[in-house]
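Close look at the chain arrangement
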Amino acid sequence: QVQFVESGGGLVQPGGSLRLSCATSGFTFSSVDMAWYQQAPSRKERWPVATIDTFGKTKFFDADQKARFAISRDNEKNTVALQMNSLKPEDTGTYYCNAQVGAQIAFDSWGQGTQVTVSS
């Protein structure tokens, strides 16, 4: 059974930092690319923030977030992390992780996500 458990979110002031973590199980973590997704408040869709492939190569989908965020993975612990620095109000949302195969989301199941709120 594939599972994702996200954690590390919270309420932070603009300019602050958070480190999100996602614990995974039920699949061979080291063999798949991983990604973080953001779901804005009151929006249904999730869009990718960053991916990391099996070799550790990273990709970001927004240049501004690329300058402030870092994605990493630990194949020993089957976890993926998102370090978020210099947070802005537009970073507010629920963050999820999932695996990717090619450019597609690998699994239909999602975790509960972790809420990030950036506000003064």
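As the structure is a computational prediction, the values presented were derived from the model and not from experiment.

A separate point is the overall build of the chain. When its secondary structure is counted, the chain shows one helix and eleven strands. Scanning the chain from its N terminus toward the C terminus, one meets helices and strands in the order β-β-β-β-β-β-α-β-β-β-β-β. The C-alpha radius of gyration of the chain comes to 13 Å, within 12% of the 14 Å expected for a compact globule of 120 residues. A principal-axis box enclosing the C-alpha atoms of the chain has dimensions of 40 × 25 × 25 Å. Out of the 120 residues in the chain, the part that is buried amounts to 42%. Put simply, of all contacts in the chain between residues at least 6 apart along the chain, 54% involve residues at least 24 apart. With the model as given, the accessible surface of the chain reaches about 6400 Å², and the carbon-plus-sulfur share is 48%.

On to the sheet that holds strand 7 (residues 69–74), then. Taken in spatial order, the four strands of this open sheet run 1-3-8-7, and their pairing is antiparallel. Of all strands in the sheet, those with a lone pairing partner are strand 1 (3–7) and strand 7, marking the two edges. Between one strand and the next, the sheet's axes are offset by a mean angle of 15°, whatever the strand orientation.

Let's shift gears to the packing of aromatic side chains. Counting across every chain of the model gives six aromatic pairs. Here the aromatic rings of phenylalanine 4 and phenylalanine 27 are separated by 5.7 Å at their centres, their planes lie at 50°, and the arrangement is tilted. A residue pair is termed long-range when its members are at least 10 positions apart, and phenylalanine 4 in strand 1 and phenylalanine 27 in the loop between strand 3 (18–25) and strand 4 (33–39) qualify at 23 residues. Phenylalanine 27 carries the same exposure label as phenylalanine 4, and that label is buried. Plain terms: the ring middles of tyrosine 37 and tryptophan 110 are 5.3 Å apart, the flat faces sit at 80° to each other, and that makes the pair edge-to-face. In this pair, tyrosine 37 is assigned in strand 4 and tryptophan 110 in the loop between strand 10 (104–105) and strand 11 (114–118), connecting sequence segments 73 residues apart. On the basis of relative accessible area, tryptophan 110 is assigned to the partly exposed category, the value being 26%.

Within this structure, the stated rule accounts for four salt bridges. Across the pair lysine 88 and aspartate 64 runs a salt bridge, and its minimum N-O distance is 2.9 Å. You can see lysine 88 sitting in the loop between strand 8 (79–84) and strand 9 (93–101) and its partner aspartate 64 sitting in helix 1 (residues 63–68), a full 24 residues away along the chain. In this structure lysine 88 comes out as partly exposed when scored by relative accessible area, which is 28%. Two residues, arginine 68 and aspartate 91, come together in a salt bridge whose shortest N-O distance is 2.7 Å. Residue arginine 68 is found in helix 1, and its partner aspartate 91 is found in the loop between strand 8 and strand 9; the two are separated by 23 residues along the sequence. When sorted by exposure, arginine 68 lands in the same class as aspartate 91, which is buried. Within the structure, one salt-bridge network assembled from shared partners comprises Asp64, Arg68, Lys88 and Asp91.

Calculation notes
- Residues numbered from 1 in each chain as written.
- Predicted model: local features only at pLDDT ≥ 70, side-chain atom pairs only at ≥ 80, totals over all residues.
- Heavy atoms only, no water.
- Helix = DSSP H or I, 4+ residues; strand = E, 2+ residues; numbered from the N terminus.
- Rg over C-alpha atoms; globule rule 2.2 N^0.38 Å.
- Buried < 20%, exposed > 50% of the residue type's maximum accessible area, 1.4 Å probe, protein only.
- Contact = heavy atoms within 4.5 Å.
- Areas by Shrake-Rupley, 256 points an atom, 1.4 Å probe, with all protein chains shown as cover.
- Pairing = 2+ DSSP bridges.
- Axes fitted to C-alpha atoms, helices over the stretch in contact; angles between N-to-C directions.
- Phe/Tyr/Trp six-rings, centres within 6.5 Å; stacked < 30°, edge-to-face > 60°.
- Salt bridge = Lys/Arg side-chain N within 4 Å of Asp/Glu carboxyl O.

Coordinates in, geometry out; function isn't part of it.
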